[in-house]
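Next come the chains, spelled out residue by residue.
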Amino acid sequence: MLSSRVGDTGPQLVAGSNGGSAQCRVCHSVSADGSRLIAQHGDATYASSAYDLSPSGVTETQMAIGAEYPGIYPDGSIALAPNASVLPLPAAAAPLAATGLTSVATNVGTPMFSPDGKRVVFNPMAGPGVTNPTQKLVTMAFDLATLTFSSPVETADYSGQLVDLLRASDHT
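If you're wondering where the values come from, they're calculated on a predicted model, not measured in any experiment.

Reading guide: rules and limits
- Residues numbered from 1 in each chain as written.
- Predicted model: local features only at pLDDT ≥ 70, side-chain atom pairs only at ≥ 80, totals over all residues.
- Heavy atoms only, no water.
- Helix = DSSP H or I, 4+ residues; strand = E, 2+ residues; numbered from the N terminus.
- Buried < 20%, exposed > 50% of the residue type's maximum accessible area, 1.4 Å probe, protein only.
- Contact = heavy atoms within 4.5 Å.
- Areas by Shrake-Rupley, 256 points an atom, 1.4 Å probe, with all protein chains shown as cover.
- Pairing = 2+ DSSP bridges.
- Axes fitted to C-alpha atoms, helices over the stretch in contact; angles between N-to-C directions.
- Phe/Tyr/Trp six-rings, centres within 6.5 Å; stacked < 30°, edge-to-face > 60°.
- Salt bridge = Lys/Arg side-chain N within 4 Å of Asp/Glu carboxyl O.

1. Details of the overall build of the protein chain
- Broken down by element type, the protein chain carries one helix and 13 strands.
- Along its sequence from the N terminus, the protein chain presents helices and strands in the succession β-β-β-β-β-β-β-β-β-β-β-β-β-α.
- Among the 172 residues that make up the protein chain, the fraction classed as buried is 35%.
- Long-range contacts, defined as pairs at least 24 residues apart, comprise 36% of the intrachain contacts of the protein chain with a sequence gap of at least 6.
- On the protein chain, roughly 9100 Å² of surface is accessible, and the fraction owed to carbon and sulfur atoms is 57%.

Below, the structure written as structure tokens:
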């Protein structure tokens, strides 16, 4: 993973190192404030590292619980993992006790927090609260103080439209 800062003469290596898949750290998510990055390990994508990014340098912390493409809270304090668990960062030693999400989805695809952290959007991949998961986007309110997810809204519904979308993309 490379970064560029004002004054740098060229890109600087921030995560991973030169070499094969064991050094690869390309697949990543970044907090909105730019203070934290989570990257998957190229040779074991279930393994993740959190990187604290600051003007004085980068600190890598191996996460106890991996998270592929998590949604990172804007200040980098927590991550919403695909298995619908909320992980404290940087170490992710154990999931935090969050409520409200698993009644809607137990597997969330590409979650993302709003810039103010009060909402989260995701593609429900599985769970009891949505018919035709994988075909929808769901938005929920989120309270960091209580780790509560609430008020689910199906923001987009593409149920039954996948074939039409694929056909349309073939003609563009």
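What follows picks up the thread again.
2. What to know about the sheet that holds strand S11 (residues 119-126)
- Taken together, four strands build an open sheet; the order of strands is S10-S11-S12-S13 and the sheet is antiparallel. Pairing within the sheet leaves two strands with one partner each, and these edge strands are strand S10 (107-113) and strand S13 (148-157). Each adjacent strand pair in this sheet contributes to an overall mean axis angle of 30°, direction not counted.
- Sheet topology note: the S11/strand S12 (residues 136-143) ladder contains four bridges and is antiparallel. Bridge assignment links Val120 to a residue of S12, and that residue is Met140.

3. Description of the sheet that holds strand S8 (residues 78-80)
- If you trace the three strands from one edge of the open sheet to the other, you get S7-S8-S9, paired in antiparallel fashion. The sheet is open, and its two edges are formed by strand S7 (71-72) and strand S9 (86-88), each paired on a single side.
- With three bridges joining them, S8 and S9 adopt antiparallel strand pairing. Looking across to S9, one finds that Ile78 is bridged to Pro88.

4. Describing the environment of Lys118
- The residue Lys118 is located in the loop between S10 and S11 in this model.
- For the pair Lys118 and Pro74, spaced 44 residues apart in sequence, the C-alpha separation works out to 9.9 Å.
- Apart from the residues lying within four places of it in its own chain, the contact partners of Lys118 are Met140, Ala141 and Phe142.

5. Side note on the packing of aromatic side chains
- Throughout the structure, instances matching the rule amount to four aromatic pairs.
- Relative to Phe113, the ring of Tyr73 lies with its centre 5.3 Å away and its plane at 75°, an arrangement referred to as edge-to-face. Residue Tyr73 is located in the loop between S7 and S8, and its partner Phe113 is located in strand S10; the two are separated by 40 residues in the primary sequence. Here Tyr73 and Phe113 have matching classes, each one buried.
- An aromatic cluster is built from Tyr73, Phe113, Phe142 and Phe149, whose rings are joined through pairwise contacts.

6. Topic: the pattern of salt bridges
- Following the criterion strictly, the structure yields three salt bridges and no others.
- A salt bridge links Asp52 to Arg36, with the nearest nitrogen and oxygen atoms 2.3 Å apart. Of the two residues, Asp52 is situated in strand S5 (residues 44-54) and Arg36 in strand S4 (residues 36-41); the sequence distance between them amounts to 16 residues.
- Classification of Asp52 as partly exposed rests on a relative accessible area of 23%.
- By relative accessible area, which is 12% here, Arg36 ends up buried.

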